[in-house]
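# Examining the three-dimensional arrangement
Chain by chain, the residues:
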Amino acid sequence: MAFKIATWNINSVRLRMPIVERLIMEVAPDVLCLQETKCPNDLFPRERFEALGYPHIAMNGQKGYHGVATLSKMPFDDVVTQDYCAVGDARHLSARIAVGQRAIRVHNLYVPAGGDEPDPAINPKFRHKLDFVEEMRSMRASGEPGVSSILVGDLNIAPFPEDVWSHKQLLKVVSHTPVETEGLLRVIAEGGWSDLVRQALPLPEKVYTWWSYRAKDWTAADRGRRLDHVWSSADLSPHLTSVEILRDARGWERPSDHVPIVVSLDI
């Protein structure tokens, strides 16, 4: 059975609903996971997604900040949200989806960006990010008997030198500092996760999913980072058929600074 999942930090779902609709029309994922939705649950544009063929919707929203939402063509159950670091941020939700005869728990995550100064002693945002990643170490890809796992989202860390435009110049820049990259790779290793993007697009290929709004010409500068990720439990990785980084979406009208990742599996 073919199964397609897309993830996108949309940077305000209501503001960018036209390009979300474009993605759906062009790609038609079975499951769409959005981050940084920036709206409370009661203001989420549920009806528009239902009209687009996504009647199954799970949200963890927050006014003006953060927020994640998972939209599905197929039913799901056991929706869970986790309050990482116990600060009340809407940064996680998971749902169990039946894909054919296989149950898959889909985790949708938005890791804190961490501010500008990579020193937790003077920057509480960076301390929060490191604590969040530390808590992620408890997430196990095979944590539920008989249930496979997929983890997607804006994790705000580019773990490999080839995930940034300049490893040397970004070693002291938040998102690529050694304490962050080592922490995220530890989460992957200890949790038994498979990095599906790097499975399909292996090192040393350069892969980016984010380009700053600050660049006057983002395409010419091409100073990107791979901040968005798709991981799976080991039992799903042999079923991977393709990974698409939709770079062109960075140039759509009123774009997000992130672009979608679309992952296809044959389950």
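Residues numbered from 1 in each chain as written. Predicted model: local features only at pLDDT ≥ 70, side-chain atom pairs only at ≥ 80, totals over all residues. Heavy atoms only, no water.

What counts, and what does not: UniProt positions are given in the numbering used here, feature names are shortened, and annotations may be inferred rather than shown by experiment.
By the naming in an unreviewed UniProt entry, the chain is Exodeoxyribonuclease-3, taken from Aureimonas altamirensis DSM 21988. According to the UniProt record, the Sequence similarities (unreviewed entry) comment for the chain reads "Belongs to the DNA repair enzymes AP/ExoA family." The heading Cofactor (unreviewed entry) in the UniProt record of the chain holds the text "Mg(2+)".

### Structural notes on the layout of surface pockets
To keep things clear, this is the line we draw: Cavities and pockets were defined on a 1 Å grid built from protein atoms only: a cavity is a group of points that admits a 1.4 Å probe but offers it no way out, a pocket is an open group of points flanked by protein on both sides within 12 Å along at least five of seven lines, and a lining residue is one with an atom within 4 Å of any such point. Grid points are joined across faces, edges and corners, and a volume is the space filled by probe spheres set on the points. The nonpolar class holds Ala, Val, Leu, Ile, Met, Phe, Trp, Tyr, Cys and Pro. Asp, Glu, Lys and Arg form the charged class, and all remaining residues, Gly among them, are polar. Helix numbering and strand numbering both begin at the N terminus, where a helix is a DSSP run of H or I of at least 4 residues and a strand a DSSP run of E of at least 2.
The computed volume of the largest pocket comes to approximately 1,100 Å³. Ala113, Gly115, Asp116, Trp210 and Arg214 are, among the 35 residues lining the largest pocket, the residues nearest its centre. Residue classes in the lining of the largest pocket are distributed as 14 nonpolar, 11 polar and 10 charged. Its boundaries defined by the atoms lining it, the second largest pocket holds a volume of some 150 Å³. Around the second largest pocket, the lining comprises 14 residues; the ones closest to its centre are Arg105, His107, Ser138, Met139 and Arg140. Within the residue set of the lining of the second largest pocket, elements represented by two or more residues are β7 (102–110) and β8 (147–154). For the lining of the second largest pocket, the per-class residue count stands at four nonpolar, seven polar and three charged.

### Quick notes on the nonpolar core
Heads up, the condition is: Side-chain atoms within 4.5 Å link the members of a nonpolar core, which is a set of buried Ala, Val, Leu, Ile, Met, Phe, Trp, Tyr and Cys residues. A simple rule labels every residue: compare its accessible area, found with a 1.4 Å probe on the protein chains alone, to the largest value its type can have, and call it buried under 20%, exposed over 50%, or partly exposed in between.
Core analysis: the largest hydrophobic core is formed by 29 residues, its most contacted members being Phe3, Ile5, Ile150, Val230 and Val263. Taken together, the elements giving at least two residues each to this core come down to β1 (2–9), β2 (31–35), β6 (92–99), β7, β8, α6 (196–200), β13 (240–245) and β14 (261–266). With four residues, the top contributor of residues to this core is β6. Residues Trp8, Val13, Trp211 and Val262 belong to the second largest nonpolar core, which totals 28 residues.

### Thoughts on the side chain of Glu36
Applied cut-off: Should any heavy atoms of two residues lie within 4.5 Å, those residues are considered in contact.
Tracing the chain through its elements places Glu36 in the loop between β2 and α2 (46–51). Classification of Glu36 by relative accessible area gives buried; the value is 13%. Each residue touching Glu36, except ones within four places of it in the same chain, is listed here: Asn9, Ile10, Asn11, Ser12, His66, Gly67 and Tyr110.

### Some details on the sheet that holds β2
For clarity, the threshold we go by: The pairing criterion for strands is at least two bridges between them, as found by DSSP. Between N-to-C directions, angles span 0 to 180 degrees; the directions come from axes that are lines fitted to C-alpha atoms, helices contributing only their stretch in contact.
Judged by pairing direction, the sheet is mixed, and its six strands sit side by side in the order β3-β4-β2-β1-β14-β13 without closing on themselves. The outermost strands of the open sheet, each flanked by one partner alone, are β3 (56–60) and β13. The sheet shows a mean angle of 10° between the axes of neighbouring strands, direction not considered. Across five bridges, β13 lies against β14 in antiparallel orientation.

### Some thoughts on the pattern of salt bridges
Going by this rule: By definition here, a salt bridge exists when the distance from a side-chain nitrogen of Lys or Arg to a carboxyl oxygen of Asp or Glu is within 4 Å.
A complete count under the given rule lists 19 salt bridges for this structure. Between Glu26 and Arg22 there is a salt bridge, and its shortest N-O distance comes to 2.9 Å. You can see Glu26 and its partner Arg22 sitting in helix α1 (residues 17–27), four residues apart, about one turn around the helix. A residue is classified by how much of its surface remains accessible, and Glu26, at 52% relative accessible area, is exposed. When its relative accessible area of 38% is taken as the criterion, Arg22 is described as partly exposed.

### Details of helix α5 (residues 178–191)
Filter applied, for reference: Multiplying 1.5 Å by the residue count of a helix minus one yields the expected span of that helix. Each C-beta atom gives one direction from the helix axis, and the arc is the one those directions make.
Between its first and last C-alpha, α5 extends 19 Å over 14 residues, near the 20 Å set by a 1.5 Å rise per residue. Of all the residues in α5, the buried ones are Glu180, Thr181, Gly183, Leu184, Val187, Ile188 and Gly191. Down the axis of α5, the buried set is contained in an arc of 165°. They therefore lie on one face. Where the residues of α5 are buried, they touch α3 (124–136), β9 (193–195) and β12 (228–233). Residue Gly192 follows α5 closely and has a positive phi angle near 70°.

### Remarks on unusual backbone geometry
Glycine aside, residues mostly have negative phi angles, and peptide bonds mostly take the trans form. A cis amide bond, omega 10°, links Leu203 with the succeeding residue Pro204. Mapped onto the secondary structure, Pro204 falls in the loop between α6 and β10 (210–211). One non-glycine residue with positive phi stands out, namely Lys38, at about 60°. Looking at the element boundaries, Lys38 is found in the loop between β2 and α2. You will see that Asp222, though not glycine, has its phi angle at about 50°, which is positive. Checked against the element boundaries, Asp222 lands in the loop between α7 (218–221) and β11 (224–225).

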